[in-house]
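Observations on the three-dimensional arrangement
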Amino acid sequence: MVLLYFEQSDGYQKTGCYNLCSGFIQTNNKYAIGGSLSPTSKTDGTQQELTILIWKDNAGGGDWWMQLNGETIGYWPSSLFTHLRNSASVIQWGGETINTRSQGRHTTTQMGSGQFPKLWYRKASYIRKIETVDQSNALRTAEASTFHEENCYDILTNITTDSFWGTHFFYGGPGRNPNCP
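Our subject in this report is the structure included herewith. (Residues numbered from 1 in each chain as written. Predicted model: local features only at pLDDT ≥ 70, side-chain atom pairs only at ≥ 80, totals over all residues. Heavy atoms only, no water.)

**Brief notes about the sheet that holds strand β6 (residues 71-76)**
Read across the sheet, four strands follow the order β3-β6-β5-β4 without closing on themselves; strand pairing throughout is antiparallel. If you trace the sheet from one side to the other, it starts and ends with β3 (25-26) and β4 (52-56), each paired once. Inspection of the sheet shows strand β5 (residues 64-68) paired to β6 by five bridges, in the antiparallel sense. Bridged to Trp 64 within β6 is Trp 76. (Pairing = 2+ DSSP bridges. Helix = DSSP H or I, 4+ residues; strand = E, 2+ residues; numbered from the N terminus.)

**Description of the pattern of salt bridges**
Across all of its chains, the model carries three salt bridges by this definition. Two residues, Lys 30 and Glu 71, come together in a salt bridge whose shortest N-O distance is 2.8 Å. Of this pair, Lys 30 sits in the loop between β3 and β4 while Glu 71 sits in strand β6, and the two are 41 residues apart along the sequence. You can call Glu 71 partly exposed: its relative accessible area is 26%. Measuring nitrogen to oxygen at the nearest pair gives 2.3 Å for the salt bridge that ties Lys 123 to Asp 44. Here Asp 44 lies in the loop between β3 and β4 and Lys 123 lies in the loop between β6 and β7 (125-127), a separation of 79 residues in the sequence. (Salt bridge = Lys/Arg side-chain N within 4 Å of Asp/Glu carboxyl O. Buried < 20%, exposed > 50% of the residue type's maximum accessible area, 1.4 Å probe, protein only.)

**What about the environment of Asp 162?**
Tracing the chain through its elements places Asp 162 in the loop between β10 (154-158) and β11 (168-172). Residue classification places Asp 162 among the partly exposed positions, given a relative accessible area of 36%. Considered as a pair, Asp 162 and Lys 129 are 33 residues apart in the sequence and their alpha carbons are 9.3 Å apart.

**A word on the pairing of β6**
As paired elements, β3 and β6 share two bridges and run antiparallel to each other. Following the sheet pairing, Gln 26 is matched in β6 by Gly 74. Counted between consecutive antiparallel strands, the loop separating β5 from β6 contains two residues, among which Asn 69 sits at a positive phi close to 50°.

**Section: a nonpolar patch on the surface**
Judged by side-chain polarity, Leu 50, Ile 52 and Ile 54 come together as a nonpolar surface patch covering roughly 230 Å² of accessible area. Along the polypeptide, Ile 54 turns up in strand β4. By relative accessible area, which is 44% here, Ile 54 ends up partly exposed. (Patch = residues over 30% accessible without salt bridge, like charges linked within 9 Å, V, L, I, M, F, W, Y side chains within 5 Å. Areas by Shrake-Rupley, 256 points an atom, 1.4 Å probe, with all protein chains shown as cover.)

**Some details on the packing of aromatic side chains**
One pass over the structure, following the stated rule, counts twelve aromatic pairs. Arranged with centres 5.6 Å apart and planes meeting at 90°, the rings of Tyr 121 and Trp 165 form a pair that is edge-to-face. Taken as a pair, Tyr 121 in the loop between β6 and β7 and Trp 165 in the loop between β10 and β11 lie far apart in primary sequence, 44 residues in all. A network of ring pairs unites the aromatic residues Trp 120, Tyr 121, Tyr 126, Phe 164, Trp 165 and Phe 170 as a single cluster. Over the aromatic face of Phe 164 sits the side chain of Arg 128, whose NZ or CZ is 3.9 Å from the ring centroid. (Phe/Tyr/Trp six-rings, centres within 6.5 Å; stacked < 30°, edge-to-face > 60°. Lys NZ or Arg CZ within 6 Å of the ring centre and 35° of its normal.)

**Things to note about the side chain of Thr 107**
Structurally, Thr 107 is set in the loop between β6 and β7. A polar side-chain atom of Thr 107 sits 2.8 Å from a polar atom in the side chain of Thr 109. When residues no more than four places from it in sequence are discounted, the contact partners of Thr 107 are Thr 97, Ile 98, Asn 99, Tyr 153, Gly 175 and Arg 176. (Polar contact = N/O pair within 3.5 Å; in protein donor to acceptor, adjacent residues only side chain to side chain. Contact = heavy atoms within 4.5 Å.)

**Structural notes on the pairing of β11**
Of all five residues making up β11, five are buried, and the element is well covered by its neighbours. Relative to β11, β7 runs antiparallel, the two being bridged by three bridges. Note on β11: the bridge partner recorded for Tyr 126 is Phe 170. Bridging between β10 and β11 involves five bridges; their strand directions are antiparallel. Residue pairing across strands places Ile 155 opposite Tyr 171, the latter belonging to β11.

Put into structure tokens, the structure is as follows:
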């Protein structure tokens, strides 16, 4: 499992980079941004989870803070942003691979556990209890929309009032396979 983020500050026009870009200020070195995390989940075994919270500190200058498993690990100064200066209009969760189609073929890079989401809990990767914070600082159920290449990777979404799952999705896949050349 790797903790990474993609940062860009101009509405996807010219900027963008992964992990410790010029703007994120890490205040706690317990977790390495871009580094691997352990332990990891085991197929049909113990599942490991991370709790991530990102919020805008309206009282303290408008910086965007990140908390991992209850510990604040750093922030993005408000001065970095044009589009996030007041609020976020889009929030994305999920898995990602880079596919350069080397030799005209799809990458063999797996997403998540490498299992398709139809195999569900204890096999496929998942993100659960997805919520956003509105302008009055209240938690709201997130809306779901998806993009996927179902023969290479897939996603199953669900919005429920179940207190364990909440809004959630299972995602992943093996990458190149007989149905994904």
